[in-house]
Amino acid sequence: NVLVTPGGEVKLLDFGIATSETAVGEATAVRGTPPYMAPEQARGEGLTARTDVFAVGLVLWEALAGRRAYTGKDAAEVLAAACRGHVPPLDRERAPAPLCAIIERATRFDPAERFADARAIQMALDEYLVDARAGLERRGPAHQLLAAWVSELFPDRDAGRSNGTVVVPDGPVATFLD
């Protein structure tokens, strides 16, 4: 649920904590998407903002690794992997060590060792980006570069933005509240 608007903005959708319900005398019903579950969520335990931090960490891990962190031949195996919560280390030759450290902290098994909430991981990522950009030649704001790339990908498409609505080519329509 990561969308890139034609203007180069990245939107995270549906990253609210998935619920875990327990009925008296019944088994726990785990809700969510197993490839992005924190261990406590996969086990049907209590959820906090740190559970969502884990999910964001997994999305970042996948973006750098180019594959899923949890693997299995079916949903049950992926859920079992999520229960174990082992996230393989990232290849530090492919990704900067400071970024790997942020992702590793976000995906720690123990929730107390993760960032406290989305704001805390955002601040760590912002600090990383400022430090990384300080050593690079200035090429323009990242959202402008991303917008140019999206325009190159979909040159024949309408920009798709009207009154806060983004039309994803050959996909769903998403409305954003600013």
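Residues numbered from 1 in each chain as written. Predicted model: local features only at pLDDT ≥ 70, side-chain atom pairs only at ≥ 80, totals over all residues. Heavy atoms only, no water.

Q: Requested: an account of the environment of L64, with residues and values cited.
A: Along the chain, the position of L64 falls in helix 2 (residues 49–65). For the pair L64 and L90, spaced 26 residues apart in the sequence, the C-alpha separation amounts to 7.7 Å. Apart from the residues within four sequence positions on either side, L64 is in contact with L90, R94, A95, L99 and I103. (Helix = DSSP H or I, 4+ residues; strand = E, 2+ residues; numbered from the N terminus. Contact = heavy atoms within 4.5 Å.)

Q: I'd love a proper account of the pattern of salt bridges, names of residues and values included.
A: Under the definition given, this model contains 5 salt bridges. For E45, the salt bridge identified is with R43, shortest N-O distance 2.9 Å. Between R68 and E62 there is a salt bridge whose closest N-O contact spans 3.2 Å. Since its relative accessible area comes to 16%, E62 is described here as buried. (Salt bridge = Lys/Arg side-chain N within 4 Å of Asp/Glu carboxyl O. Buried < 20%, exposed > 50% of the residue type's maximum accessible area, 1.4 Å probe, protein only.)

Q: Give a description of the nonpolar core that names residues and reports values.
A: Counting 26 residues, the largest nonpolar core has W61, Y70, V87, I102, F115 and I121 as its most contacted members. Looking at this core, the elements with two or more residues in it are helix 2, helix 3 (75–84), helix 4 (97–106) and helix 5 (118–134). The residues contacting I121, other than those within four sequence positions of it, are V53, V56, L60, I102, A106 and F115. (Core = buried A, V, L, I, M, F, W, Y, C linked by side-chain atoms within 4.5 Å.)

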